[in-house]
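Commentary on secondary and tertiary structure
For reference, the chains in residue letters:
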Amino acid sequence: MTPEEKPPPQRWWILALLFAAMTINILDRQVLSLVAPVLRDELRLSNTQYGSIVFSFLLGMTLGQIPVGMMMDRYGARAGFSVAVAWWSAANMLHAGARSAAQFGLLRFLLGVGECGTYSAGVKVIGQYFPAGERALAAGLFNSGSLAGAIIAPPLIVFLTLNYGWPAAFLLPSLSGILWLVPWLKLYRPARSLGAGGGSPAGQSVSPARAGRPSVRRLAGLAPVWGVILMRAFGGPVTHFYWYWLPEYLRRERGMSLEMIGWLAWLPFFSGGLGNIGGGWFSSRLIARGWTVNRARKTAFRLAVALSLAAALAPLAPGAGTALALICLASLGINAFAANLMGLLTDLFPERVLARVSGMTGVGDGAVSMTMMQLTGVVVDRFSYLPVFVAAGAFPLAALASLERLVGEIRRLDWEDGRISPPNGSESGAR
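Residues numbered from 1 in each chain as written. Predicted model: local features only at pLDDT ≥ 70, side-chain atom pairs only at ≥ 80, totals over all residues. Heavy atoms only, no water.

Quick word on a nonpolar patch on the surface
- A cluster of nonpolar residues, Leu313, Leu316, Leu386 and Val390, forms a patch on the protein surface that exposes about 350 Å² of accessible area.
- With respect to the secondary-structure elements, valine 390 resides in helix H14 (residues 386-407). (Patch = residues over 30% accessible without salt bridge, like charges linked within 9 Å, V, L, I, M, F, W, Y side chains within 5 Å. Areas by Shrake-Rupley, 256 points an atom, 1.4 Å probe, with all protein chains shown as cover. Salt bridge = Lys/Arg side-chain N within 4 Å of Asp/Glu carboxyl O. Helix = DSSP H or I, 4+ residues; strand = E, 2+ residues; numbered from the N terminus.)

Description of the nonpolar core
- If you look at the biggest cluster of nonpolar residues, it comprises 121 residues, and the most contacted ones within it are Phe81, Trp180, Trp184, Phe241, Tyr242, Leu344 and Phe349.
- With 15 residues, the single largest contributor to this core is helix H1 (residues 11-43).
- In contact with tryptophan 184, other than residues within four places in its own chain, are Leu17, Leu18, Ala77, Arg78, Phe81, Ser82 and Val125. (Core = buried A, V, L, I, M, F, W, Y, C linked by side-chain atoms within 4.5 Å. Buried < 20%, exposed > 50% of the residue type's maximum accessible area, 1.4 Å probe, protein only. Contact = heavy atoms within 4.5 Å.)

Overview of the packing of aromatic side chains
- Enumeration according to the criterion identifies 21 aromatic pairs in this entry.
- Taking the centre distance of 5.5 Å and the plane angle of 85° together, the rings of phenylalanine 81 and tryptophan 184 count as edge-to-face. With phenylalanine 81 in helix H2 (residues 47-94) and tryptophan 184 in helix H6 (residues 166-187), the pair connects residues that are 103 residues apart, well separated along the chain.
- Judged by relative accessible area, which is 0%, phenylalanine 81 ranks as buried.
- Owing to a relative accessible area of 0%, tryptophan 184 belongs among the buried residues under this scheme.
- A centroid spacing of 6.4 Å and a plane angle of 50° characterise the contact between tyrosine 385 and phenylalanine 389, whose relative ring orientation is tilted.
- You can call phenylalanine 389 buried: its relative accessible area is 1%. (Phe/Tyr/Trp six-rings, centres within 6.5 Å; stacked < 30°, edge-to-face > 60°.)

Points about the packing of helix H5 (residues 132-164) against helix H10 (residues 267-288)
- Viewed as axis vectors pointing N to C, H5 and H10 meet at an angle of 180°, and their least axial separation amounts to 8 Å. Taken as axis vectors, H5 and H10 run roughly antiparallel relative to one another. Residues Gly133, Ala136, Leu137, Gly140, Leu141, Asn143, Ser144, Ser146, Leu147, Ala150 and Ile151 of H5 pack against Phe269, Phe270, Gly272, Gly273, Asn276, Ile277, Gly280, Trp281, Ser283, Ser284 and Ile287 of H10.
- Of the residues contributing to the contact of H5 with H10, the split by class is eleven nonpolar, eleven polar and no charged. (Axes fitted to C-alpha atoms, helices over the stretch in contact; angles between N-to-C directions. Parallel < 35°, antiparallel > 145°, perpendicular 65-115°, else oblique. Nonpolar A, V, L, I, M, F, W, Y, C, P; charged D, E, K, R; others polar.)

Honestly, that's just the spatial picture; any functional story needs more than this.
Structure, rendered in C-alpha cells:
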C-alpha cells in the first residue's frame, strides 16, 4: 500500500457519524409501528389499512432511490446526506398533526423519500474511507445503527406515548436529526477513494481522468448488478417485516401489553445488532487470515441464511418467550446477511458508482418490500401470521441463490474508459 492509499485516520469518527445517522433514521421510522396499537384503536384501522400506510413509506423509498443515489454521486455525500436528513426529520415531525389514514400515508411517503438516502450515502462514504479488509466490518457497524435505533425505539417511544401522547413520540425524536447536521457538516470532508481496497488484491484504484459514470441502463446490463439487486430485494422485506409488524404481532397474537412491548420488543433488534457487527467482523477476520474475498463473503452469507430460517418456526412456538427467541435468532442471521451485502457492493463496484448501484438495489428492495408489506396485512386479516413467517425464512434462500447464480465469483469489476464490465470482459451478463 502506497502512502497515498493509506486509509484516512479519521475514518472511525466518520463511521461514528454514519452510525448515529442510521440510528436516528430507524428511530424516526419505528415510531409508527410502536404507536400503531394506539393509533389503530383510535383510528379504527384494519391490518390491511395499516399495511397500506407502510406501503406508502416504502413507495417513497423506492421512487427516491435512484434520484437520490445520482444526487449523492454528483454532489457528494456531504451535501446530499445533509438534505436527506433535514427532509426526513421535517417529514417525521409533521406526523404529529396527522389524524387520518390518508394523512399518515402521505407523510409516510415523504418520510420514505428522505430516508432512502441513508444507505446510499453510507455505502459511498465507506467505499471512500475504508480498505477492502475493513469494509464489511465498517458496513456492519454502520448498519448496526439501524438496530441501535430499533433497540432504543421501543422503550423511548412507549414512554413518550404513555406519558405525553403519541404526537410527542413523533416530535421529540425528530429533533435529533436536526442536531446531527452540526457535527456532520463540521467534520466530514470527502476522501479520495481507496478503489478496490487500499492495495488489497481485489483491485486497484482508478484515476479520475480515466473514469466516467456509466448510465443506469448500462449498469442494468450486468449480471452482478442484478445479483445484488435481487439479494437486497429478497433480504430487505424480512427486515421490514420485523420493523413494522413485530409490535403488532406481539400485541395481537402473543397478548403483550404496550408496556411489555416496550420492555421486550428491543431484543430481536439487539440480536440483529450482534449479527450486523458479528457478520461483518466474521468475513473481515477470514480475509485477514488469508481467505479470498470470494470465499470469506460466501461463507458468511451461507451461515447467515441458515440462521434466518428460524423465522419459519416462530408462529409454531408454544409460548411468547420461545417465539421471541426464534425471532432473535432469525434477526441475527438476516442482519449478518445485510452487513456482508454492503461489503459485497464495495468489493464489486468502484466508488464513483456505488451510490448509483446502491440506489438500484434500493429500488429492488422497495418494490418487493412494499408489495410484501401490503400482502402481510391482507394475509393476516384473512389467514394468520404463519404464512408471513414462513416467507421470512424462505426469502434469504432466494437471496443466496441470486449470489451464486448472478454474482458468481466475488471480485472487482473491470473499469476502463468509463465502461464497467464483468471480470471475464463480457458485458452481456451471461455467466
